[in-house]
Amino acid sequence: MATDDTCCTIVPYFEVQSGKMEEFKALCERFVAKTGEESDCLYYGFSFDGDVAHCREGYVNAEGLLAHIENVGPLLAEASRISEIIRLEVHGPRSELDKLREPLAAINPQFFTLELGFRR
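Residues numbered from 1 in each chain as written. Predicted model: local features only at pLDDT ≥ 70, side-chain atom pairs only at ≥ 80, totals over all residues. Heavy atoms only, no water.

## Section: the overall build of the protein chain
Filter applied, for reference: Helical segments are the DSSP runs of H or I of at least four residues, strand segments are the runs of E of at least two, and each set is numbered from the N terminus. We compute the radius of gyration from the C-alpha atoms alone; for a globule the expected value is 2.2 Å times N to the 0.38, where N is the number of residues. Throughout, exposure labels follow a simple rule: accessible area from a 1.4 Å probe, protein chains only, divided by the maximum for the residue type, with under 20% read as buried, over 50% as exposed, and the rest as partly exposed. Two residues qualify as a contact provided that any one of their heavy atoms is within 4.5 Å of a heavy atom in the partner residue. The Shrake-Rupley method, run with a 1.4 Å probe, gives the accessible areas here. Residue values count only the displayed protein chains as cover. Note that His is not counted, nor are the chain ends; the positive residues are Lys and Arg, and the negative ones are Asp and Glu. Where a charge sits is defined by one atom per residue type, namely NZ (Lys), CZ (Arg), CG (Asp) or CD (Glu).
A count of helices and strands for the protein chain gives four helices and five strands. Written out in order from the N terminus, the α and β elements of the protein chain read β-α-β-β-α-α-β-α-β. A compact globule built from 120 residues should have a C-alpha radius of gyration of about 14 Å, and the protein chain, at 14 Å, falls within 12% of that. If you line up the protein chain on its principal axes, its C-alpha atoms span 45 × 25 × 25 Å. Going through the 120 residues of the protein chain one by one, you find that 39% of them count as buried. A separation threshold of at least 6 residues defines the contact pool for the protein chain, and within that pool the share at least 24 residues apart is 67%. As presented, the protein chain carries roughly 7,100 Å² of accessible surface, and 51% of it is formed by carbon and sulfur atoms. Separation between the mean location of the 12 positive side-chain charges and that of the 21 negative ones in the protein chain comes to 2 Å.

## A look at helix α2 (residues 62–71)
Rules: The arc in question is traced by the directions running from the helix axis to the C-beta atoms. Counting of polar contacts relies on pairs of N or O atoms within 3.5 Å, with two restrictions inside protein: one atom must be capable of donating a hydrogen and the other of accepting it, and residues adjacent in sequence are counted only when both atoms are side-chain atoms.
Regarding α2, the residues found buried are Ala-62, Gly-64, Leu-65 and His-68. End-on, the buried residues of α2 take up no more than an arc of 165 degrees, which puts them together on one face. Elements in contact with the buried residues of α2: β1 (8–16), α1 (21–35), β2 (41–49), β3 (52–59), β4 (83–93) and α4 (94–100). With a side-chain oxygen lying 3.2 Å from the backbone nitrogen of Glu-63, the N-terminal cap of α2 falls on Asn-61.

## Some words on the pattern of salt bridges
Selection criterion: A carboxyl oxygen of Asp or Glu within 4 Å of a side-chain nitrogen of Lys or Arg is what we treat as a salt bridge.
Under the criterion given, the structure shown has eight salt bridges. Linking Glu-37 and Lys-34 is a salt bridge whose minimum nitrogen-to-oxygen distance equals 3.9 Å. Measuring nitrogen to oxygen at the nearest pair gives 3.0 Å for the salt bridge that ties Lys-99 to Glu-96. Linking Lys-99 with Glu-96, this pair stays in helix α4, spanning three residues, or about one helical turn. Judged by relative accessible area, Glu-96 falls into the buried class, the value being 6%. One salt-bridge network, held together by shared partners, links Glu-63, Glu-96 and Lys-99.

## Comments concerning the nonpolar core
To be explicit about the condition: We define the nonpolar core as a collection of buried residues of types Ala, Val, Leu, Ile, Met, Phe, Trp, Tyr and Cys that are connected through side-chain atoms lying within 4.5 Å of one another.
Counting residues in each nonpolar core, the largest one holds 26 residues, and the members touching the most others are Phe-24, Phe-31, Tyr-44, Phe-46, Leu-65, Val-90 and Leu-100. For this core, the secondary-structure elements that each account for two or more residues are β1, α1, β2, β3, α2, α3 (73–79), β4 and α4. Here this core takes five residues from α1, the largest share from any one element. Sequence-distant contacts of Leu-100, defined by excluding residues within four places in its chain, comprise Cys-8, Ala-62, Leu-65, Leu-66, Val-90 and Phe-111.

## Focus: the pairing of β1
Regular strands place their side chains on alternate faces of the sheet. The line we're drawing: Following DSSP output, two strands are said to pair if at least two bridges run between them.
Summarising burial for β1: seven of the nine residues are buried, a large majority. The pairing of β1 with β3 spans five bridges and is antiparallel. Residue Cys-8 lies in a different strand from β3, and its bridge partner there is Tyr-59. Here eight bridges tie β1 to β4, and the two strands are oriented antiparallel to one another. Looking across to β4, one finds that Thr-9 is bridged to His-91.

What follows is the structure, encoded as structure tokens:
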């Protein structure tokens, strides 16, 4: 069963420096506020397990994902001073992933191709 879903997700896991979690969570509030301005964002939020934070986020398509990265670029730079991305995945249909491979090459995510499923 093929899917016509164009949704793209980027799946970052951040390891937060010891003693910096409250500062990181304050930064997450700014990420959420900034991302709330984006019309192509389907969902966005942070979850936590010890010193690891995960950003759960999805976009209408590849263009929405790229617009998001541009929008939060300065916040990502701030986050990089108190955390490290320890895992980074991008999920979506092949047609959308093909639009992301070159622009995201410098951050070296693992790409997962959506082949089966649906979205309501």
